Amino acid sequence: MSEQPILVTGGAGFIGSNLVDALLARGNSVRVLDNLSMGKLANLPMDNPRLTFIEGDVADAGLVSRAVAGCAAVVHLAAVASVQASVDDPVSTHQSNFIGTLNLCEAMREHAVRRVVFASSAAVYGNNGEGQAIDENTAKSPLTPYAADKLASEHYLQFYGRQHGLEPAIFRFFNIFGPRQDPSSPYSGVISIFTQRAQQGLPISVFGDGEQTRDFFFVADLVELLLQALDAQQVAPGAVNVGWNEAVSLKQLLAQIGELLGGLPAVTHLDGRPGDIRHSRADNRRLIEHYRLPVQTSLRDGLAALLNS
Ligand code: NAD
Ligand code: UD1
């Protein structure tokens, strides 16, 4: 195993900290760069001697350069993950969600670090899926600053690939869920909010009619794919969807949570969110072509693990 660390930006967050655990468990050294805006030190095994934590912002080019120096590869997860936060505050989220990527590209070029695994998003397709399984060639329609920043980040990573030898493995995650997804903000992922409120008996708000659908993917299954992308001899060209090609409506999600908990608190319906995507379901043929699919953690098993965490 290489002595050079893997840099995980956003490594104190939900997906990042699950990945850090897996990297440390298999013997890697890990460097985390995170500004702790959403992430927490409590998510990380800070006493592990193979973990180095750098508190700071990916919008700080000098700091990103120092963080990248000497690394074997990078997994770039740092971003404001909330679509709604980007609608409310496009200027500030752009610093994290786009400038951070550009700083990383430059730092990797400077230090000749090649492999970068990038967390793009199903949000780049907007509503162009029209309820069908969305393949990677579907026309892009970024409806929010979040989606525009992710798509622009993809284009810059590809440019640095062509021009400067970077090896970007670009994933378009659909909706990831599981332990450590922070439920404490109104901007948090829907499963983390619904499960926490249901457990605490607090009323649940559904934005819109609850018939909108998402393709939910358990975080441990995603981590397996991130490790494969780090290890692959060659990266898959273009971007690769990460989803199961399964559509679950918010109403179905609530029903499953209710079954697991033996009941639900009151559910109210509010206006839909601006820019909210109606239906999101991955065509995952490219994922199957380029990666070994993990054994699927079902939504029910993933919810049960989350409720017990
Ligand atoms: P998260 O908020 O738990 O993790 C993001 C981490 O990045 C946090 O620890 C946060 O503190 C850190 N961060 C934010 N801005 C930063 C900055 N400017 N500098 C340094 N650190 C910063 O969210 P997550 O769900 O783990 O998301 C990880 C990545 O995956 C994000 O890029 C997100 O856009 C992407 N993604 C997530 C999902 C999902 O369903 N969770 C789906 C598609 C894409
Ligand atoms: C999520 C991710 C985003 C990712 C995208 C990819 C988060 C916070 N967002 O966005 O990073 O790029 O998937 O598909 O991880 N909702 C409610 N009530 C609530 C909260 C949400 O009804 O209290 C609804 C929303 O309006 C939306 C659905 O639930 O219709 C999902 O919302 P959310 O979990 O925020 O995810 P996405 O917007 O799909």
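Summarised in this report is the structure supplied together with it. (Residues numbered from 1 in each chain as written. Chains lettered and ligands numbered in written order. Predicted model: local features only at pLDDT ≥ 70, side-chain atom pairs only at ≥ 80, totals over all residues. Heavy atoms only, no water.)

A few words on helix 10 (residues 299-308). Taken together, the buried positions of helix 10 are Leu 299, Gly 302, Leu 303, Leu 306 and Leu 307. Each buried residue of helix 10 sits inside an arc of 135° when the element is viewed along its axis, so together they form one side. Contact partners of the buried residues in helix 10: strand 7 (175-177), helix 6 (190-200), strand 10 (216-218), strand 12 (248-249) and helix 8 (250-261). (Buried < 20%, exposed > 50% of the residue type's maximum accessible area, 1.4 Å probe, protein only. Helix = DSSP H or I, 4+ residues; strand = E, 2+ residues; numbered from the N terminus. Arc of directions from axis to C-beta. Contact = heavy atoms within 4.5 Å.)

What follows deals with the site of ligand 2. Taken together, 23 residues are adjacent to ligand 2, and Ala 81, Ser 121, Tyr 146, Val 190 and Asp 276 come closest. Interatomic distance of 2.6 Å between a backbone N/O atom of Val 190 and an oxygen atom of ligand 2. Within the backbone of Phe 207, one N or O atom sits 2.8 Å away from an oxygen atom of ligand 2. Protein coverage of the free-state accessible area of ligand 2, which is 740 Å², stands at 90%. Of all the secondary structure elements, the ones that give two or more residues to the shell around ligand 2 are helix 6 and strand 8 (204-207). Residues belonging to the shell around ligand 2 are distributed by class as follows: 13 nonpolar, seven polar and three charged. Looking at which domains feed residues into the shell around ligand 2, each of domain 1 (6-177 + 216-243 + 283-293) and domain 2 (190-212 + 247-279 + 300-308) supplies at least three. (Near = heavy atom within 4 Å. Polar contact = N/O pair within 3.5 Å; in protein donor to acceptor, adjacent residues only side chain to side chain. Areas by Shrake-Rupley, 256 points an atom, 1.4 Å probe, with all protein chains shown as cover. Nonpolar A, V, L, I, M, F, W, Y, C, P; charged D, E, K, R; others polar. Domains from an automatic or database assignment.)

Let us now look at the packing of aromatic side chains. Inspection of every chain in the model, using the stated rule, returns eight aromatic pairs. An angle of 45° between the planes, with centres 5.1 Å apart, marks the rings of Phe 171 and Tyr 291 as tilted. One end of the pair, Phe 171, is in strand 6 (residues 167-173); the other, Tyr 291, is in the loop between helix 9 (285-290) and helix 10, and 120 residues separate them in sequence. By relative accessible area, Phe 171 is classed as buried at 0%. (Phe/Tyr/Trp six-rings, centres within 6.5 Å; stacked < 30°, edge-to-face > 60°.)

Take the pattern of salt bridges next. Within this structure, the stated rule accounts for eleven salt bridges. Across the pair Asp 21 and Arg 180 runs a salt bridge whose closest N-O atoms are separated by 2.8 Å. Taken as a pair, Asp 21 in helix 1 (residues 14-25) and Arg 180 in the loop between strand 7 and helix 6 lie far apart in primary sequence, 159 residues in all. Judged by relative accessible area, Arg 180 falls into the partly exposed class, the value being 31%. Notably, a salt bridge pairs Arg 172 with Glu 154, separated by 2.7 Å at the nearest N-O pair. Of the two residues, Arg 172 sits in strand 6 while Glu 154 sits in helix 5 (residues 145-164), which places them 18 residues apart along the sequence. The residues Arg 172 and Glu 154 share a single accessibility class, namely buried. (Salt bridge = Lys/Arg side-chain N within 4 Å of Asp/Glu carboxyl O.)

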